[in-house]
Amino acid sequence: METNKIRIKNDAKKIFLKKGTCSHAFFHILNREFGHVQEQAESASDHLAGGILRQGYQCGMLWGATLAAGAEAFRRSDSLNSAIGLALTATQHIVESFSKRTKTVECSDITEADFKNPLSIAKYLVTGKALGCYKLSEKWAPEAIEAATKGLSTQKSNLPKTCISCASEVARKMGASDEEIVMVAGFAGGLGLNGNACGALSAAIWMRSLKTLKEQNKIKSGFRNPEADRILKTFQGVTDYEMLCSEITGKNFKTIDEHTEYIKNGGCAKLIDALAGS
């Protein structure tokens, strides 16, 4: 086990450099450990780097790791309902692990950079802040896999009978496969029900990026995507530029049951429809 941790740690920075974004790298790192690399799906996560389209919110490592955990939850489950619950539970473990390591989940806190500003990007590179992200990837990669594996080992009997994810609802309305619906499930409630930047938004961005790659029969996504930027504008129009789930919903979801009931009763329905149609 210790030898495996060392291998993962040694590989993390190399994979990060090769893939180009933290979200892509961690999606790949966890997928590889679970034995199922998904090149197009991994590339589509590029747009979640920099805290969702460079906005500075939750670190892309979290979004990438969550997508991989969702894919594994789908493979380990015999129903869509239990798979969504398992994916959400795994994400909660992933976020807890990351927060323990960094004391924050925010890209802007970790990098001290504004990736929408070319001068800030230059400063990030010149001052060596970028090296901090590579070092973090080395330290957290084995921990991320451990956290995901622990969450994915949750007994199905301990999951709610009905599990609904706002992010999965967006993906479903965008024509996602069952696997893709589960892959984004952990985004719910601001990523693992933590109330931060909207997971439904990230699901829509990832789905649109993946659809573009499939239509163009490409593997590499490129870091910028006009369609993803358009989805962000649609989202901002509906939420009056509010990004945080806790502010949009006026709630801090403590359990999967609470989030499920909120969505079942029409919570965020207007936002979900707008994102799915954008």
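Summary of the structure given here. All values reported here derive from a predicted model rather than from experimental measurement.

## A word on the state of the cysteines
Scanning the entire structure with this criterion turns up 0 disulfides. Looking at Cys22, it has no disulfide partner, and the nearest cysteine sulfur is the one in Cys59, 4.5 Å off. By relative accessible area, Cys22 is classed as buried at 12%. Cysteine Cys268 shares no disulfide, and the gap to the nearest cysteine sulfur, in Cys245, comes to 6.4 Å.

## Description of the packing of helix H2 (residues 22–34) against helix H4 (residues 60–76)
When two helices pack together, their arrangement is given by the angle between the helix axes and the distance between those axes. For the pair H2 and H4, the least separation of the axes is 6 Å and the interaxial angle reads 30°. When the axis of H2 is compared with that of H4, the two are roughly parallel. Seen along the crossing, H2 lies across H4 with a hand that is right-handed. Two secondary-structure elements touch here, H2 through Cys22, Ser23, Phe26, Phe27, Leu30, Asn31 and Phe34 and H4 through Gly60, Met61, Gly64, Ala65, Leu67, Ala68, Ala71, Glu72, Arg75 and Arg76. Class assignment of the residues belonging to the contact of H2 with H4 gives a composition of 10 nonpolar, 4 polar and 3 charged.

## A short note on unusual backbone geometry
Comment: phi is negative for the bulk of residues other than glycine, and the bulk of peptide bonds are trans. Positive phi values are uncommon outside glycine, yet Asn217 reaches one of about 55°. When you line up the elements, Asn217 lands in the loop between helix H11 (199–216) and helix H12 (226–239). The exposure class of Asn217 is exposed, given its relative accessible area of 66%. One non-glycine residue, Asp240, adopts positive backbone phi at about 55°. Looking at where Asp240 falls in the secondary structure, it is placed in the loop between H12 and helix H13 (245–249).

What counts as what
- Residues numbered from 1 in each chain as written.
- Predicted model: local features only at pLDDT ≥ 70, side-chain atom pairs only at ≥ 80, totals over all residues.
- Heavy atoms only, no water.
- Disulfide = S-S within 2.5 Å.
- Buried < 20%, exposed > 50% of the residue type's maximum accessible area, 1.4 Å probe, protein only.
- Axes fitted to C-alpha atoms, helices over the stretch in contact; angles between N-to-C directions.
- Helix = DSSP H or I, 4+ residues; strand = E, 2+ residues; numbered from the N terminus.
- Parallel < 35°, antiparallel > 145°, perpendicular 65-115°, else oblique.
- Left-handed = near helix turned anticlockwise from the far one by under 90°.
- Contact = heavy atoms within 4.5 Å.
- Nonpolar A, V, L, I, M, F, W, Y, C, P; charged D, E, K, R; others polar.

These figures come from the coordinates and say nothing about function on their own.
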